[in-house]
Amino acid sequence: MGDFMVEELGEAGRTGGHVAADELKLLIERAERLEEEKKGISDDIKDVMGEAKSRGYDPKAIRKILSIRKKKKEEYQEEEAILEVYMQALGMI
């Protein structure tokens, strides 16, 4: 089965018919480190939201603001306009 996997990799990622194990290991380890960093950052964000909540702020509203701030003003305004049209059609506003 190991040889089959090598053949499926094609030219990239192999040297002389064999997987470049050292390179593959480095790539995997790099991805693992980034996943650890991502988890750490995610935990930090949860801590910030917990602190915000303990100070009387609404974490859900803060997350919504973060989402809005990532968008271009025009993109956000267009989404809001469409949302308003849909809500009016449904009798929600």
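A quick note: this is a predicted structure, and the numbers were derived from the prediction, not measured.

(A) Broad picture of the overall build of the protein. Of regular secondary structure, the protein possesses four helices and two strands. Listed N to C, the secondary structure of the protein is α-β-β-α-α-α in terms of helices and strands. Relative to its 93 residues, the protein shows a buried fraction of 5%. For the protein, the accessible surface area stands at approximately 8,600 Å², while carbon and sulfur atoms represent 57% of it.

(B) Quick look at the packing of helix α2 (residues 21-54) against helix α3 (residues 59-70). At a minimum axis separation of 9 Å, α2 and α3 run at an interaxial angle of 125°. Regarding the angle of α2 to α3, the classification is oblique. Counted together, I45, M49, A52 and K53 of α2 and P59, I62, R63 and L66 of α3 form the full contact between these two elements. For the contact of α2 with α3, the per-class residue count stands at six nonpolar, no polar and two charged.

(C) Just helix α4 (residues 73-89), in detail. Given a rise of 1.5 Å per residue, 17 residues ought to cover 24 Å, and the 24 Å separating the end C-alpha atoms of α4 matches this to within 8%. Phi for G91, located one or two positions after α4, is positive at around 70°.

(D) Quick look at the pattern of salt bridges. This structure, assessed with the given rule, holds five salt bridges. The partner of R55 in a salt bridge is E51, and the shortest N-O contact between them spans 2.9 Å. Assessed through its relative accessible area of 40%, E51 is described here as partly exposed.

(E) Quick peek at the confidence of the model for the protein. Confidence in the prediction for the protein averages 88 pLDDT; 82% of positions are at 70 or higher. When the criterion is pLDDT under 50, residues 1-8 qualifies, and its contacts beyond four places in sequence or with other chains add up to five contacts.

(F) Region of interest: the environment of I62. Inspection of the secondary structure puts I62 in helix α3. Here the alpha-carbon distance between I62 and M49, two residues 13 residues apart in the chain, equals 8.1 Å. If we skip the residues at most four places from it in the chain, I62 touches M49, A52 and Y57.

(G) Spatial organisation of α2. Spanning 34 residues, α2 covers 49 Å between terminal C-alpha atoms, matching the ideal 50 Å at 1.5 Å per step. Positive backbone phi, at 95°, marks G56, one or two positions downstream of α2.

(H) A look at a nonpolar patch on the surface. Together, I82, V85 and Y86 give the surface a local cluster of nonpolar side chains, amounting to about 310 Å² of exposed area. Here I82 is to be found in helix α4.

Each value, and the rule that gives it
Residues numbered from 1 in each chain as written. Predicted model: local features only at pLDDT ≥ 70, side-chain atom pairs only at ≥ 80, totals over all residues. Heavy atoms only, no water. Helix = DSSP H or I, 4+ residues; strand = E, 2+ residues; numbered from the N terminus. Buried < 20%, exposed > 50% of the residue type's maximum accessible area, 1.4 Å probe, protein only. Areas by Shrake-Rupley, 256 points an atom, 1.4 Å probe, with all protein chains shown as cover. Axes fitted to C-alpha atoms, helices over the stretch in contact; angles between N-to-C directions. Parallel < 35°, antiparallel > 145°, perpendicular 65-115°, else oblique. Contact = heavy atoms within 4.5 Å. Nonpolar A, V, L, I, M, F, W, Y, C, P; charged D, E, K, R; others polar. Expected span 1.5 Å × (residues − 1). Salt bridge = Lys/Arg side-chain N within 4 Å of Asp/Glu carboxyl O. pLDDT = per-residue confidence, 0-100. Patch = residues over 30% accessible without salt bridge, like charges linked within 9 Å, V, L, I, M, F, W, Y side chains within 5 Å.

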